[in-house]
Amino acid sequence: MSIIVLGSINMDLTTYVPRLPAPGETLFGTSFITVPGGKGFNQAVATGRLGSTTRFIGRIGDDPFGHGVLDLIKDEPIDTSGIMIDSHHGTGLAVISVDDQAENSIIVISGANMAHNQEEIDRTKSALEGARVLLLQLETPLKTNLQAAELARAAGATVIFDPAPAQALPDDAYRLAHVMTPNEVETEVLVGVRPGNVAEAKIAAAKLRARGINIAIVKLGAQGVYFESESESGFVPPFEVNAVDTVAAGDAFNGGLAVALDAGLSLAEAVRWGAAAGALATTKPGASSAMPTKEELMELVN
Ligand code: RIB
């Protein structure tokens, strides 16, 4: 059994600052790192490090950032042969600031990520045999994501759709994905309710399910996670950790969730794995660099 991740891959240019700058303000930062990121790639690194056989399908530019990314990811435990080098578009970039409270702001320049086309669909199709889970996000075109979801569903794989960054979605997205995992901001864009607590997350999940999604998982950040399917629902409280950088915590959540579902665990346990992976990702700097290992996850969930 295995996981396929179709999605974005970026070079993340991350500055650490005491606080996020106000408009027109110049601030001195404390440090700077460049690490591979992108919501899709982060999720792939998470599922690989957590022990699932993982194939990542994406696109970079034929430029120094792209070649730098390839060099930095060569030791990750995932199959990256599905990354295409595009000579017409630049590598995706993310300009990130992280403050002393571990909060972040991110600006993404999509580049090659938004140039996904039939070639990504073909690569996804050939990877689907034996795959149990397909992970999707919204940093690559919605059209190709929906095509991939349709193929994966027909092949019997579970489609987990992370609607990030937020955008309103057509009915087909709710019909083709099995699981949707919005955070508070994304939930508001999708169903008009910004959940600030479990009761509001419950209302939002019901609205998401009414649109056709089988399993709604509403991520409440540091407040935990609410989940709901036709047969079960529940709330997973947050794991207590020492957070230094919240970048890619949501990606780690989806990785943990996917690995648990790939391993045949219950939905409740899978959401717990997701929450634990998300919490662990906040304890280290960077995006893909912060994805936890299986050993770290087991120590937290047991
Ligand atoms: O979710 C975090 C990711 O968002 C970063 O790695 C950055 O590349 C942006 O895509």
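A. A look at the overall build of the chain. Scanning the chain from terminus to terminus reveals 10 helices and 13 strands. For the chain, whose C-alpha radius of gyration is 18 Å, the value lies close to the compact-globule estimate of 19 Å for 302 residues. Along the three orthogonal principal directions, the C-alpha set of the chain runs to about 50 × 40 × 35 Å. Counting only residues that meet the buried cut, the chain has 54% of its 302 residues in that class. The long-range fraction of contacts in the chain, counting pairs at least 24 apart against all pairs at least 6 apart in sequence, stands at 67%. For the chain, the accessible area works out to roughly 12,400 Å², and carbon and sulfur atoms hold 53% of it. Taken as two groups, the 21 positive and 36 negative side-chain charges of the chain have centres that lie 5 Å from each other.

B. Up close: the site of the ligand. Around the ligand, 13 residues are found, and the nearest of them are Asn 10, Asp 12, Gly 38, Glu 139 and Asp 251. Backbone polar atom of Gly 38 to an oxygen atom of the ligand: 2.9 Å apart, as the coordinates give it. A distance of 2.7 Å is found between an oxygen atom of the ligand and a side-chain nitrogen or oxygen belonging to Asp 251. Considering the ligand on its own, with 280 Å² of exposed area, one finds that the protein chains cover 97% of that surface. The site holding the ligand turns out to be the largest pocket. For the shell around the ligand, the secondary structure elements donating two or more residues are strand E2 (10-16), helix H1 (39-49) and strand E7 (104-109).

C. Here's a closer look at the sheet that holds strand E3 (residues 31-37). As summarised here, the arrangement of the 4 strands in space is E3-E2-E6-E7, forming an open sheet in which the pairing is mixed. Every other strand in the sheet has two partners, leaving E3 and E7 as the edge strands with one partner each. Neighbour to neighbour, the strand axes of the sheet diverge by 20° on average, direction disregarded. Direction of pairing for E2 relative to E3: antiparallel, over a ladder of 7 bridges. Its bridge partner being in E3, Met 11 is matched across the sheet by Pro 36. Set on the sheet, helix H2 (residues 64-72) makes contact with E2, E3 and strand E6 (92-98); between it and E2 the angle comes to about 85°.

D. Quick peek at the layout of surface pockets. Its boundaries defined by the atoms lining it, the largest pocket holds a volume of some 1,200 Å³. Of the residues that constitute the lining of the largest pocket, the class distribution is 25 nonpolar, 13 polar and 11 charged.

E. Spotlight on the pattern of salt bridges. Evaluated as defined, the whole model comprises 14 salt bridges. Put simply, Lys 74 and Asp 71 hold a salt bridge, and the shortest N to O gap is 3.0 Å. Relative accessible area serves as the criterion here: at 56%, Lys 74 is assigned to the exposed category. By relative accessible area, which is 45% here, Asp 71 ends up partly exposed. Each of Arg 59, Asp 86, Glu 119, Glu 120 and Arg 123 takes part in one network of salt bridges that share partners.

F. The packing of aromatic side chains, seen in detail. Considering all chains together, one arrives at 1 aromatic pair under this definition. Ring centres 5.5 Å apart and planes at 80° place the aromatic pair Phe 41 and Phe 56 in the edge-to-face group. Taken together, the residues span a long stretch of sequence, with Phe 41 in helix H1 and Phe 56 in strand E4 (residues 53-61) at a distance of 15 residues. Among the residues examined, Phe 41 registers a relative accessible area of 0% and is labelled buried.

G. Structural view of the side chain of Asp 99. Position of Asp 99 among the secondary structure elements: in the loop between E6 and E7. This buried residue, Asp 99, is left without a salt bridge; Arg 19 holds the nearest opposite charge, at 9.0 Å. Among the polar contacts made by the side chain of Asp 99, one reaches the main-chain amide nitrogen of Gln 101 at a distance of 2.8 Å. Residue contacts for Asp 99: discarding those within four places in its chain leaves Val 17, Pro 18, Arg 19 and Leu 20.

H. Structural context of the environment of Pro 23. Along the polypeptide, Pro 23 turns up in the loop between E2 and E3. In sequence terms Pro 23 and Gln 118 are 95 residues apart; their C-alpha atoms lie 41 Å from each other.

I. Representation of the nonpolar core in the model. Formed by 54 residues in total, the largest nonpolar core has its most connected members in Ile 9, Phe 56, Ile 160, Ile 217, Leu 257, Val 271 and Leu 297. Ranked by residue count, the leading element in this core is helix H9 (residues 267-281), at 10 residues. Other than its neighbours up to four places away in sequence, Ile 9 contacts Gly 37, Gly 38, Phe 41, Phe 56, Arg 59, Ile 60, Val 69, Ile 73, Ile 83, Gly 92 and Asn 113. Grouped together as the second largest cluster of nonpolar side chains are 36 residues, Ile 4, Leu 169, Ala 177 and Leu 190 included.

Basis of the calculations
Residues numbered from 1 in each chain as written. Predicted model: local features only at pLDDT ≥ 70, side-chain atom pairs only at ≥ 80, totals over all residues. Heavy atoms only, no water. Helix = DSSP H or I, 4+ residues; strand = E, 2+ residues; numbered from the N terminus. Rg over C-alpha atoms; globule rule 2.2 N^0.38 Å. Buried < 20%, exposed > 50% of the residue type's maximum accessible area, 1.4 Å probe, protein only. Contact = heavy atoms within 4.5 Å. Areas by Shrake-Rupley, 256 points an atom, 1.4 Å probe, with all protein chains shown as cover. Lys, Arg positive; Asp, Glu negative; His and termini not counted. Charge placed at Lys NZ, Arg CZ, Asp CG, Glu CD. Near = heavy atom within 4 Å. Polar contact = N/O pair within 3.5 Å; in protein donor to acceptor, adjacent residues only side chain to side chain. 1 Å grid on protein atoms, 1.4 Å probe; cavity = no way out; pocket = protein on both sides within 12 Å on 5 of 7 lines; lining within 4 Å. Sits in = over half its atoms within 2 Å of the grid points. Pairing = 2+ DSSP bridges. Axes fitted to C-alpha atoms, helices over the stretch in contact; angles between N-to-C directions. Points joined across faces, edges and corners; volume = space filled by probe spheres on them. Nonpolar A, V, L, I, M, F, W, Y, C, P; charged D, E, K, R; others polar. Salt bridge = Lys/Arg side-chain N within 4 Å of Asp/Glu carboxyl O. Phe/Tyr/Trp six-rings, centres within 6.5 Å; stacked < 30°, edge-to-face > 60°. Core = buried A, V, L, I, M, F, W, Y, C linked by side-chain atoms within 4.5 Å.

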